[in-house]
Amino acid sequence: MRTKVITAALALLLGISLPSLAEAANAYATGSVNMRTGPGTEYARIGTIPAGATVTIRGCLTGYSWCDVSFAGRRGWASSNYLQALYQNRRRPIIYVGPMIGLPIISRPRPPHWRPDRPRPPHWGHRPRPPHHGRPPRPQPR
């Protein structure tokens with residue numbers, strides 16, 4: 001009976017700790033990499049991660065092309081082309097070891113929380129207005 005209790009307790013502890021291990025992983029910048037407000041070069045740059053710096057990866061897009069990272073108290077997106085993680089005692093590119101180290105996949109990136117001092121991506125706010133159905137067009141002045 002005691003063995004069952006210990007086994008159940010260990011299984012519970014392992015079950016609690018595994019999700020937290022998969023939530024974040026440390027990585028290293030292989031060169032100076034821009035941290036951006038979203039996953040792509042069209043998003044605003046909010047900082048630069050210097051070569052050799054350690055970052056925390058919260059998750060990556062499918063295919064591990066861009067990763068949600070934390071560095072120096074800021075959170076943003078970085079290209080995985082410049083990130084490596086430790087796997088089998090060697091630094092390896094995220095694109096190869098992401099699935100093996102259990103990096104979570106972010107299927108839909110959350111929109112960044114905009115502040116007035118943070119610029120928005122160029123495509124925001126430039127959407128065409130829908131046509132006004134049901135109203136005749138206004139006559140143009142002559």
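In the block above lies the structure referred to throughout.
Reading the values: rules and limits
Residues numbered from 1 in each chain as written. Predicted model: local features only at pLDDT ≥ 70, side-chain atom pairs only at ≥ 80, totals over all residues. Heavy atoms only, no water. Pairing = 2+ DSSP bridges. Helix = DSSP H or I, 4+ residues; strand = E, 2+ residues; numbered from the N terminus. Buried < 20%, exposed > 50% of the residue type's maximum accessible area, 1.4 Å probe, protein only. Contact = heavy atoms within 4.5 Å. Disulfide = S-S within 2.5 Å. Salt bridge = Lys/Arg side-chain N within 4 Å of Asp/Glu carboxyl O.

## Remarks on the pairing of strand β4 (residues 54-60)
Reasoning step 1: In this sheet, β4 lies alongside strand β1 (residues 25-29) in antiparallel orientation, the contact comprising four bridges. Within the sheet, the bridge partner assigned to Tyr28 lies in β4 and is Thr54.
Reasoning step 2: Of the strand pairs in this sheet, β4 and strand β5 (residues 66-71) are connected by four bridges, and their pairing is antiparallel. By the bridge assignment, Gly59 is partnered in β5 with Asp68.
Reasoning step 3: Linking β4 to β5, which pair antiparallel, is a turn of five residues; within it Gly63 sits at a positive phi near 90°.

## What to know about the environment of Ile94
Reasoning step 1: Within the fold, Ile94 resides in helix α2 (residues 94-101).
Reasoning step 2: Of the residues examined, Ile94 reaches a relative accessible area of 0% and is grouped as buried.
Reasoning step 3: For Ile94 and Asn81, which are 13 residues apart along the polypeptide, the C-alpha to C-alpha distance reads 7.7 Å.
Reasoning step 4: Setting aside chain neighbours within four positions, we find Ile94 in contact with Ala27, Ile57, Cys60, Tyr64, Cys67, Ser80, Leu83, Gln84, Ala85 and Leu103.

## Some words on the state of the cysteines
Reasoning step 1: This structure, assessed with the given rule, holds one disulfide.
Reasoning step 2: Between the sulfur of Cys60 and that of Cys67 lies a disulfide, 2.1 Å long from S to S. Here the disulfide of Cys60 and Cys67 is right-handed, its torsion about the S-S bond being about 95°.

## Concerning the pattern of salt bridges
Reasoning step 1: For the coordinates displayed, the defined rule picks out one salt bridge.
Reasoning step 2: One salt bridge in this structure joins Asp68 and Arg75, with 2.7 Å as the shortest N-O distance.
Reasoning step 3: By relative accessible area, which is 39% here, Arg75 ends up partly exposed.

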